[in-house]
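As a plain string of letters, each chain reads:
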Amino acid sequence: MKVVVLTGAGISAESGVSTFRDNGGLWEDHRIEDVATPEGFERDPETVQRFYDARRAALADVVPNPAHHALAELELALGDGLLVVTQNVDDLHERAGSKRVIHMHGELLQALCAACETRSPWAGDLLGGPACPACDAAALRPDVVWFGEIPYEMDRIQSALAGADLFVSIGTSGAVYPAAGFVQLARAFGARTLELNLEPSDGSHFFHEARHGRAGEIVPGWVADLVG
Ligand code: BJW
C-alpha cells in the first residue's frame, strides 16, 4: 500500500510548537507580510532573523509527541510505502525516527545562502550576518519557503500523490497552497483521502473521511487501525 501523509503545524502543537493561525499562534504578534515574505525580509532583515532565531532556539525545549512517533512506527510497517510531506520547519518527525520526510517549506535547522544558494546545516543564530560556510558571503537567511516562493521537491511530491492509494492530511488548516490542493490532486489520481485535524479544515469537504480531535490521540488510533 502507498500512503502519502501531509502534516502541518497542528501535529507539533502538543509538543509545544506554536501553530500559525490558531489563537496564540505565531502570527498573533506578527504581520504575515513582515515575517513570511521575501519583501518583509528585504525591508527589515533583523526582525525576520530574530523571529526565526527564536523559533530555532526553542526547538531545544520540545520533543516529539505520540503523533510523530505513530508515523515513525507506520514507516517501520510500510517502509517505502509511506512518504511524509511536512509543511513544518521543525525536526520532530526526524527525531521521532521518520526517515522518508520531505520538508516542502524548508527547515529551521538549515540556512540558505542568498549569494551562492547553498543550503547548510545551521543550529545557531543568523542575526549578525555569519559567513556562508560555502562561499563566505554574509548572505545567510533562514532556509524556509515564504509566500511567493516555490516549495521544495514539488516534482517528487506530485509523483508520490499520483501513485498513492491513501492520502492523509494531519494538523493543517488547508489555508496555504499548493499543500491545500494536494487532497484534490490525490483524489483525482484515485487515492482515498482522510483528514485528521482538531476541527474541520478549510478544505474538509474535499476528503472522503475525517476524524477530528487532538493529533496525539487520533493519529496513533488511526495508525493502529491501519497496521495494528
Ligand atoms: C491541531 C492541533 C492538535 C491545532 N491536533 N490538529 C490566491 C489563491 C490561491 C493561492 C494563492 C493566492 N495568492 C497567493 C497564493 C499562493 C500562496 C498561498 O497559498 N497563499 C494563501 C494565503 C492563499 N502560496 C505560496 O505563495 C506558496 N508558493 C507557491 O504557491 O509557489 C507557486 C508554485 C507552487 C508549486 C509549484 C510551482 C509554483 C508558498 C507558501 C509558503 C508558506 N510558508 C509558510 C511559512 C514557512 C516558514 C515558517 O515556518 O515561518 O508555511 S506560511 C505558514 O502556513 C507555514 C505553514 O507551513 C503554512 C501552513 O500552515 P499550517 O501548518 O496549516 O498551520 P495553521 O496554523 O494554519 O493550522 C494549524 C491547524 O492545526 C489548524 O487547522 C488547527 O485546528 C489544527 N490543530 N492544534 C490536531 N493538537
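This text follows the structure it describes.
Now for a quick tour of the structure.

Conventions used here
Residues numbered from 1 in each chain as written. Predicted model: local features only at pLDDT ≥ 70, side-chain atom pairs only at ≥ 80, totals over all residues. Heavy atoms only, no water. Near = heavy atom within 4 Å. Polar contact = N/O pair within 3.5 Å; in protein donor to acceptor, adjacent residues only side chain to side chain. 1 Å grid on protein atoms, 1.4 Å probe; cavity = no way out; pocket = protein on both sides within 12 Å on 5 of 7 lines; lining within 4 Å. Sits in = over half its atoms within 2 Å of the grid points. Helix = DSSP H or I, 4+ residues; strand = E, 2+ residues; numbered from the N terminus. Nonpolar A, V, L, I, M, F, W, Y, C, P; charged D, E, K, R; others polar. Domains from an automatic or database assignment. Points joined across faces, edges and corners; volume = space filled by probe spheres on them. Buried < 20%, exposed > 50% of the residue type's maximum accessible area, 1.4 Å probe, protein only. Arc of directions from axis to C-beta. Contact = heavy atoms within 4.5 Å.

## What about the site of the ligand?
Taken together, 36 residues lie near the ligand, and Arg21, Glu149, Thr172, Ser173 and Tyr177 sit nearest. In this structure, Ala9 approaches the ligand through a main-chain N or O atom, which is 2.8 Å from an oxygen atom. For the ligand, an oxygen atom lies 2.8 Å from a polar atom in the backbone of Phe20. With respect to the pocket detection grid, the ligand is positioned in the largest pocket. Counting only elements with at least two residues in the shell around the ligand, the list comes to helix 1 (9-13) and helix 4 (45-58). Per-class residue counts for the shell around the ligand are 18 nonpolar, eleven polar and seven charged. In this structure, the shell around the ligand is formed jointly by two domains, domain 1 (1-17 + 64-105 + 151-228) and domain 2 (18-61 + 107-144), each of which donates at least three residues.

## Let's talk about the layout of surface pockets
Its boundaries defined by the atoms lining it, the largest pocket holds a volume of some 810 Å³. Taken together, 43 residues form the lining of the largest pocket, with Ala9, Phe20, Arg21, Thr172 and Ser173 sitting closest to its centre. When residues in the lining of the largest pocket are grouped by element, the largest group, three residues, is from helix 1. Across the lining of the largest pocket, the residue classes break down as 22 nonpolar, 14 polar and seven charged. Taken as a whole, the second largest pocket holds about 220 Å³ of empty space. Broken down by secondary-structure element, the contributors of at least two residues to the lining of the second largest pocket are helix 1 and helix 4. When grouped by side-chain class, the residues that make up the lining of the second largest pocket number nine nonpolar, four polar and two charged. For the lining of the second largest pocket, the two domains that each supply at least three residues are domain 1 (1-17 + 64-105 + 151-228) and domain 2 (18-61 + 107-144).

## Let's talk about helix 7 (residues 154-162)
Quick reminder: α-helices carry 3.6 residues per turn. Residues three or four places apart thus point the same way. All buried positions along helix 7 are accounted for by Met154, Ile157 and Leu161. Considered in projection along helix 7, the buried side chains sweep an arc of 65° and stay on one side of the axis. Buried residues belonging to helix 7 abut strand 1 (3-7), strand 2 (82-86), strand 3 (101-103), strand 7 (166-170) and helix 8 (182-188).

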